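Secondary and tertiary structure notes
Each chain is listed here by its residues.
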Amino acid sequence: MNQVLVFRIGDELYGLEVTWIQEVAEAPKLHYIPRAPEFLLGAINFHGNIVPVLDLGTFLGFDRRENDLRVIVLTAKECSLALATHQIRGFVPHDAEA
C-alpha cells in the first residue's frame, strides 16, 4: 500500500504519490529569478542544490491565492523542481490496485 500527499489548489484536491516526493520543505527562502514567467516564484537552495519553485495554481490557470508556506520538492530524476500549492493537507494511504 502506497501513500499519497494530498494538497489543494483552488477548491480542488489533488494527490501525488510519495515516490515522486523527495521532501516537503518548511518555509524555504525564495530567491528572485529575473525575467521568469509569473508561474515561476523563484528558486530555493535545497541541500546545496538550486531548485526552481513552480506556482502550480498559476501554472494550471487557477485564480491567484496565497500559497502554503511549505513546498513539495519532487525527486530529481530528469530535473529538480519544487511545487507551491495553496494548502498541503497531509498523507493518506492509497491502494494502487483499487
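The preceding data block contains the structure.
Structural notes, computed from the coordinates. Everything numeric here is computed off the predicted structure, so don't read it as measured data. (Residues numbered from 1 in each chain as written. Predicted model: local features only at pLDDT ≥ 70, side-chain atom pairs only at ≥ 80, totals over all residues. Heavy atoms only, no water.)

Let's talk about the side chain of Thr-85
Our working definition: Only runs of H or I of at least four residues qualify as helices and only runs of E of at least two qualify as strands under DSSP, and these elements are numbered from the N terminus. Any two residues whose heavy atoms approach within 4.5 Å are treated as being in contact.
Along the chain, the position of Thr-85 falls in the loop between strand E7 (82-84) and strand E8 (87-94). Once residues within four sequence positions are removed from consideration, Thr-85 is found in contact with Phe-7, Arg-8, Leu-56, Asn-67, Asp-68 and Ile-72.

Remarks on the packing of aromatic side chains
Quick reminder of the rule: When two rings of Phe, Tyr or Trp (its six-membered ring) have centres within 6.5 Å they constitute a pair, described as stacked for plane angles under 30 degrees, edge-to-face for angles over 60, and tilted for the intermediate range. Partly exposed residues are those whose accessible area sits between 20% and 50% of the maximum for their type, while under 20% is buried and over 50% is exposed, using a 1.4 Å probe and protein chains only.
Tallied over the entire structure, the rule returns two aromatic pairs. On the basis of an interplanar angle of 70° and a centroid distance of 5.1 Å, the ring pair of Phe-39 and Phe-59 is categorised as edge-to-face. Of the two residues, Phe-39 is situated in the loop between strand E3 (21-26) and strand E4 (40-46) and Phe-59 in helix H1 (residues 56-59); the sequence distance between them amounts to 20 residues. By relative accessible area, which is 29% here, Phe-39 ends up partly exposed.

Remarks on the nonpolar core
Within soluble globular proteins, side chains that are nonpolar tend to cluster in buried spots. Selection rule: The criterion is simple. A nonpolar core is a set of buried Ala, Val, Leu, Ile, Met, Phe, Trp, Tyr and Cys residues joined through side-chain atoms within 4.5 Å.
The biggest cluster of nonpolar side chains holds 11 residues, and these are Leu-5, Phe-7, Ile-9, Leu-16, Ile-21, Leu-54, Leu-56, Ile-72, Leu-74, Leu-83 and Ile-88. Only strand E1 (2-9) and strand E6 (70-74) provide two or more residues apiece to this core. Among the elements that take part in this core, E1 stands out by supplying three residues, more than any other. Excluding anything up to four places from it in sequence, Ile-21 contacts Leu-5, Leu-16, Ile-72, Val-73, Leu-74 and Thr-75. Listed in part, the nine residues of the second largest apolar core include Phe-46, Val-53, Val-73 and Ala-82.

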